Amino acid sequence: MNAYIASVIENVKARHANEPEFVQTVEEVLSSLEPVVAKHPEYEKVDLLSRMVEPERMFTFRVCWMADDGTWHTNIGYRCQFNGAIGPYKGGLRFQKNVYPGIIKFLGFEQVFKNSLTGLPIGGGKGGSDFDPAGKSDAEIMRFCQSFMQALYRYIGPDVDVPAGDMGVGAREIGYLYGEYRRLKGAFENGVLTGKGFSYGGSLIRPEATGFGAVYYLENVLKHEGESIQGKTIACAGFGNVTWGICKKAAELGAKVVTLSGPDGYIYDPDGVVTPEKIAYLVEMRGSGRNRVQDYAEKFSVEFHAGEKPWGVKADVIMPSAMQNDVHMEQAKQIAANGVKYYIEVANMPTTNDALRFLMEQPGMIVAPSKAVNAGGVATSALEMAQNSERLVWTEEEVDKQLHQIMDTIYNMSVSAAEQYGLGYNLVAGANIAGFQRVADAMMAQGVF
Ligand code: 2IT
């Protein structure tokens, strides 16, 4: 390991000893940058990497809200404005009870590279709260979102920081957050948040974009191997917005998603989640707030495996699309033993670093990293920002066409960045290098601060 990179990683480990997810992503990304740092001694000269691993700013705020029974509750809100060198901070808000600074920081760091890869002018940020949306009434969600925005609104804006959704924050939450922002500011301000409803500035295709983009990326990988997506079986996880988009696009292209998962276990549907009725049912399951995938098994009479993950299922393509650190060494070994050829990450950091390295070392296995594969979501958010500032509404075809082009470009840029540094066909290192290069150029140009 290059001594400079090793020293930056050591500092991050010492400073963030209680934030393992952040240390994990820093190690993963920086270890890809060895050939880049070797070729560009100027980066070490100004200690660029130490500035890249430190958020420009990160803050917490108090969020108090009243439950329906009249009791008062206090949660912590976070916003991490990680890197604004190439555009306003951009990234989602996650509402989940396990949210703490390490989660927000890891997501913010990933977002910097992902947003850079889109080629669009968006910096990286992330935020959220340890608020647990499970079992909350609509009125409770609204009061929480209003209180959250009362604390956050001064620090965001269309040229400053543009939040969006993530786990626990969907169109309903974005609506309440935006409503409160508009009420406080007394102005539309280009919509400020993305992922808005279509009636008030949302973009067509944004709900589908992360899943659609992931499938467009997969098509590029398959094409490289002289294969087609037609007839492929795909094992997915989760049953949220992202997995829904994958099911929809895969079905349209003649492939089928055969597994879904939830906190309760996974379902195996050999016929695939392909009919409009099945795909629509995912939205219903999510909306129910029950957070159970067993409902699908009961409704469509398919296998349900309680308490298990779907990674032992034989499928052509594995797409971990649920959450971070879903695939550990044990699952990685299972995936390799099943002879899977395509391991396409979708959720942010779904694989532990040792499992990721192991999978990349398997002969014949192709591994694609989430920061490239799921970038279609935030890219379409940037298209939403463009429409809002132009006061225009683009057609579904227009947005989808741009999304498709962006995904093709991300794939091609990743391939060439790895090749340029003599790493061969390495989509993981290629994405890290390509994402890094643009932010690094901007930071170098803007001087040391
Ligand atoms: O992880 C992600 O890229 C997101 N949650 C979407 C961020 C965005 O600004 O649309």
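Our structure's up above, just so we're on the same page.
Residues numbered from 1 in each chain as written. Predicted model: local features only at pLDDT ≥ 70, side-chain atom pairs only at ≥ 80, totals over all residues. Heavy atoms only, no water.

### Looking at the state of the cysteines
Linking two cysteines covalently through their sulfur atoms gives a disulfide.
Link 1 in the chain: Inspection of every chain in the model, using the stated rule, returns zero disulfides.
Link 2 in the chain: Take Cys-64: it sits in no disulfide, and the sulfur closest to it among the cysteines is that of Cys-145, at 15 Å.
Link 3 in the chain: Residue class for Cys-145 comes out buried when judged on its relative accessible area of 0%. (Disulfide = S-S within 2.5 Å. Buried < 20%, exposed > 50% of the residue type's maximum accessible area, 1.4 Å probe, protein only.)

### Some remarks on the side chain of Arg-51
Link 1 in the chain: When you line up the elements, Arg-51 lands in helix 5 (residues 48-52).
Link 2 in the chain: For the buried Arg-51, no salt bridge is present, and the opposite-charge side chain at shortest range is Asp-47, 5.6 Å distant.
Link 3 in the chain: In contact with Arg-51, other than residues within four places in its own chain, are Val-46, Met-443, Val-448 and Phe-449. (Helix = DSSP H or I, 4+ residues; strand = E, 2+ residues; numbered from the N terminus. Lys, Arg positive; Asp, Glu negative; His and termini not counted. Salt bridge = Lys/Arg side-chain N within 4 Å of Asp/Glu carboxyl O. Contact = heavy atoms within 4.5 Å.)

### Comments concerning helix 16 (residues 375-390)
Link 1 in the chain: Here helix 16 spans 23 Å end to end across 16 residues, near enough to the 22 Å set by a 1.5 Å rise per residue.
Link 2 in the chain: Burial analysis of helix 16 places 13 of its 16 residues in the buried class, which makes it a mostly covered element.
Link 3 in the chain: Note on helix 16: the residue one or two positions beyond its end, Arg-391, has a positive phi of about 55 degrees. (Expected span 1.5 Å × (residues − 1).)

### Quick notes on the sheet that holds strand 10 (residues 317-319)
Link 1 in the chain: The strand order 9-8-7-6-10-11-12 describes an open sheet built from seven strands, whose pairing is mixed. Edge strands, defined here as strands with exactly one partner in the open sheet, are strand 9 (303-306) and strand 12 (366-368). Direction aside, neighbouring strands of the sheet carry axes that sit 15 degrees apart on average.
Link 2 in the chain: Note that strand 6 (residues 233-236) and strand 7 (residues 256-262) share three bridges and pair parallel. (Pairing = 2+ DSSP bridges. Axes fitted to C-alpha atoms, helices over the stretch in contact; angles between N-to-C directions.)

### Here we look at the environment of Val-448
Link 1 in the chain: Summarising the element assignment, Val-448 is placed in the segment after helix 18 (427-446).
Link 2 in the chain: Assessed through its relative accessible area of 58%, Val-448 is described here as exposed.

### Re the site of the ligand
Link 1 in the chain: Within the structure, the ligand sits among 13 residues, and Lys-90, Gln-111, Lys-114, Asp-166 and Ser-381 are positioned closest to it.
Link 2 in the chain: In this structure, Gly-165 approaches the ligand through a main-chain N or O atom, which is 3.1 Å from a nitrogen atom.
Link 3 in the chain: Measuring from an oxygen atom of the ligand, one finds a side-chain N or O atom of Ser-381 at 2.5 Å.
Link 4 in the chain: Considering the ligand on its own, with 290 Å² of exposed area, one finds that the protein chains cover 92% of that surface.
Link 5 in the chain: If you list the elements that add at least two residues to the shell around the ligand, you get strand 3 (89-95), helix 6 (101-117), strand 5 (161-165) and helix 16.
Link 6 in the chain: Residue contributions to the shell around the ligand peak at three residues, all from strand 3.
Link 7 in the chain: Class assignment of the residues belonging to the shell around the ligand gives a composition of two nonpolar, six polar and five charged. (Near = heavy atom within 4 Å. Polar contact = N/O pair within 3.5 Å; in protein donor to acceptor, adjacent residues only side chain to side chain. Areas by Shrake-Rupley, 256 points an atom, 1.4 Å probe, with all protein chains shown as cover. Nonpolar A, V, L, I, M, F, W, Y, C, P; charged D, E, K, R; others polar.)

### A few points about the sheet that holds strand 2 (residues 72-83)
Link 1 in the chain: If you walk across this open sheet you meet the five strands as 1-2-4-3-5, and the pairing is mixed. Looking along the sheet, the strands with just one partner apiece sit at the ends: strand 1 (57-66) and strand 5. Between one strand axis and the next, the sheet turns through 20 degrees on average, direction left out of account.
Link 2 in the chain: When strand 3 meets strand 4 (residues 123-129), the two strands line up parallel, connected through five bridges. Looking at strand 4, one finds that Phe-95 is bridged to Ser-129.

### What to know about the pairing of strand 6
Link 1 in the chain: Alternating positions in strand 6 separate into two faces, Thr-233 and Ala-235 on one and Ile-234 and Cys-236 on the other, with burial throughout.
Link 2 in the chain: Regarding the hand of the β-α-β motif, the stretch spanning strand 6, helix 10 (residues 241-252) and strand 7 is right-handed.
Link 3 in the chain: Where strand 6 and strand 10 come together, three bridges link them in parallel fashion. The residue of strand 10 that forms the bridge with Cys-236 is Met-319. (Right-handed = clockwise from strand over helix to strand, strands pointing away.)

### Notes on the packing of aromatic side chains
Link 1 in the chain: Applying the stated criterion across every chain yields a total of 21 aromatic pairs.
Link 2 in the chain: Seen in terms of ring centroids, Phe-22 and Phe-109 are 5.9 Å apart; in terms of plane orientation they differ by 90 degrees. Their pairing is edge-to-face. Here Phe-22 is found in helix 2 (residues 20-31), whereas its partner Phe-109 is found in helix 6, with 87 residues between them in sequence. Considered together, Phe-22 and Phe-109 belong to a single accessibility category, that of buried residues.
Link 3 in the chain: With 5.2 Å between their ring centres and 55 degrees between their planes, Phe-59 and Tyr-155 make a pair best called tilted. In this pair, Phe-59 sits in strand 1 while Tyr-155 sits in the loop between helix 7 (138-152) and strand 5, placing the two residues 96 residues apart along the sequence.
Link 4 in the chain: Residue classification places Tyr-155 among the partly exposed positions, given a relative accessible area of 41%.
Link 5 in the chain: Positioned over the ring face of Phe-212 is Lys-249, at 4.4 Å from the centre of the ring.
Link 6 in the chain: Taking the ring centre of Phe-300 as reference, the NZ or CZ of Lys-278 above it sits at 5.9 Å. (Phe/Tyr/Trp six-rings, centres within 6.5 Å; stacked < 30°, edge-to-face > 60°. Lys NZ or Arg CZ within 6 Å of the ring centre and 35° of its normal.)

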